[in-house]
Amino acid sequence: MRSIVISLWLAGAAGAWAQSAEPKSVVIKAGRLIDVRAGRVLENQQILVEGERIRQVAAAVNAPAGAETIDLTRATVMPGLIDNHVHVMLQGDVTEADYDEQLLKESTPYRAIRATVAVRNALMNGFTTMRDLETEGAMYADVDVKKAIERGVIPGPRLFVSTRAFAPTGMYPLLGYSWELKMPEGVDVTDGVDNLRHAVREQVKYGADWIKYYSDRGYFLKDGVLHSKVNYRLEESKALVEETHRLGHKVAAHAMGREGIEAALDSGVDTIEHGDGLDEALIDRMVSKGVYWCPTIFIGIYDAPGRTAAGAPIWTAMMGVMQNAFALGVKKGVKISFGTDVGGFPWTVNQAKEFSYMVKYGMTPMQAIQAATLVGAALLDEQENLGAIEAGKMADIVAVSGDPLSDVTELERVKFVMKAGVVYKR
Ligand SMILES: [Zn+2]
């Protein structure tokens, strides 16, 4: 009973969620199948799933006797979606007050309980894999959420986690409180080369798949360019990256302004997060070094009005900066991965809204889908397992009823979700 429908889960049937070990064969009949590698749509295809993996994709597969059939002949079938920038431990932080309240008034166990709902929402929306880019003060609780998903305790996407991001002293919330109070920290506050090397080892020891750090802060616009203040001295960020790579892991850098992006690239990071201030020269550097970019457009649009009202109009100005950078990035062929920063906006808002902005800002719907499948999988170094519907890959398969290539908002209405051969929604 590998392929069980557990939509009932939403009704609270927790006991129904038990992964059985018996591999089972399932044939999915796809009316339309998006071949993300070739960038085309195939009609009337069959997908043979055995256990957790895809065995064959063809007009007629060699199905064993007794294979279950799933009829998606009236649907568009595609690989499970990948969001490479999320925060499962956060529930929206339009303003500083929203953020501080979560760190001050919610315990880590409470935040982890909320995270279990967040990951279920994401899975039901078609996201079968996510990279979580820091717990915002909730220590290593992302490792526990990942473990609970892997062990079948709760339904959720396959997670790659970065535990606690790094920033130097005084450069990340919580800030502005009386010096007499010992406040919680939103990050792993670590200064100095040796301390950073030690802290990277510690995070990997406790389960970090990725290492994340904040390259910049203090954004301001001058002559149409988004500038920022760089957090770490170059020798510190270089040591952080070098130590991470030495341990066989990769580094994601939060970098929004020109200076922050430049410092992150100088340090040798693997992915640039946000990257609003990217210009032609920086994009060229990313292309030549093969650095990935997670632009996170939608959160800027979602958070800008609230942040502007709270006295930070730069967030409104950044919307236009991002639009220009994104169009330039698409034109120059930088590797753009789908990433939303959901958690920075509430998990009740479907993170798939990002797709329509990617298209509005210059991608074709097919390119946006590739960013959330093929490119997303490659960023994770999981191109052998994830990101396409091909023999040998994990059976992460979703379906929508319309045509997302003519209306990309169809991806906000995912009707069928299979992760690793198990059906979660249909
Ligand atoms: Zn983020």
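In case you missed it, the structure is sitting above this.
Nothing here was measured: the structure is a model prediction, and the numbers come from that model. (Residues numbered from 1 in each chain as written. Predicted model: local features only at pLDDT ≥ 70, side-chain atom pairs only at ≥ 80, totals over all residues. Heavy atoms only, no water.)

Asks: Just to check I follow, could you spell out the packing of aromatic side chains for this structure?
Replies: Two descriptors summarise a pair of aromatic rings, namely the distance from one centre to the other and the angle between the planes of the rings. Scanning the entire structure with this criterion turns up 14 aromatic pairs. Seen from their ring centres, tyrosine 172 and tyrosine 214 are 4.3 Å apart, and the 40° between their planes marks the pair as tilted. A residue pair is termed long-range when its members are at least 10 positions apart, and tyrosine 172 in the loop between β8 (166-167) and β9 (188-189) and tyrosine 214 in strand β10 (residues 210-214) qualify at 42 residues. On the basis of relative accessible area, tyrosine 172 is assigned to the buried category, the value being 14%. Measuring from ring centre to ring centre gives 4.9 Å for phenylalanine 298 and phenylalanine 345, while their planes differ by 90°; the resulting arrangement is edge-to-face. Highlighted residues: phenylalanine 298 in helix α8 (residues 297-309) and phenylalanine 345 in the loop between β16 (335-336) and α10 (354-360), separated in sequence by 47 residues. Just as phenylalanine 298 is buried, phenylalanine 345 falls in that class too. Sitting over the face of the ring of tryptophan 210, arginine 131 holds its NZ or CZ atom 4.5 Å from the ring centroid. Over the ring of tryptophan 315 we find arginine 307, and its NZ or CZ is 4.3 Å from the ring centre. (Phe/Tyr/Trp six-rings, centres within 6.5 Å; stacked < 30°, edge-to-face > 60°. Helix = DSSP H or I, 4+ residues; strand = E, 2+ residues; numbered from the N terminus. Buried < 20%, exposed > 50% of the residue type's maximum accessible area, 1.4 Å probe, protein only. Lys NZ or Arg CZ within 6 Å of the ring centre and 35° of its normal.)

Asks: What exactly am I supposed to notice about the pairing of strand β5 (residues 81-86) here?
Replies: Two faces, one strand: in a regular strand the side chains alternate between the faces of the sheet. Counting buried residues along β5, six of its six residues qualify, which places the element largely inside the surrounding structure. Of the pairings in the sheet, the one linking β5 to strand β6 (residues 127-132) comprises four bridges and is parallel in character. Bridging across to β6, isoleucine 82 finds its partner in threonine 129. (Pairing = 2+ DSSP bridges.)

Asks: Can you help me understand empty space enclosed by the protein in this one?
Replies: The tally for this structure, following the rule as stated, stands at one cavity of 30 Å³ or more. Here the largest cavity defines a volume of roughly 60 Å³. Taken together, Pro79, Gly80, Ile82, Thr128, Thr129, Asn385, Leu386, Gly387, Ala388, Lys393, Met394 and Asp396 make up the lining of the largest cavity. Here the residues of the lining of the largest cavity are counted per class, giving five nonpolar, five polar and two charged. (1 Å grid on protein atoms, 1.4 Å probe; cavity = no way out; pocket = protein on both sides within 12 Å on 5 of 7 lines; lining within 4 Å. Points joined across faces, edges and corners; volume = space filled by probe spheres on them. Nonpolar A, V, L, I, M, F, W, Y, C, P; charged D, E, K, R; others polar.)

Asks: Looking at this model, I keep getting lost on the pairing of strand β2 (residues 40-50). Mind explaining?
Replies: Where strand β1 (residues 25-35) meets β2, ten bridges bridge the pair, whose relative direction is antiparallel. Counterpart to valine 26 in the pairing with β2 is valine 49. Hairpin connection from β1 to β2: four residues lie between these consecutive antiparallel strands, with glycine 39 at a positive phi of about 65°. The sheet contact formed by β2 and strand β3 (residues 53-58) spans five bridges and is antiparallel. In the strand pairing of β3, leucine 48 is matched with glutamine 56. Here β2 folds back onto β3, and the loop between the two strands holds two residues, one of which, glycine 51, carries a positive phi near 60°.

Coordinates in, geometry out; function isn't part of it.
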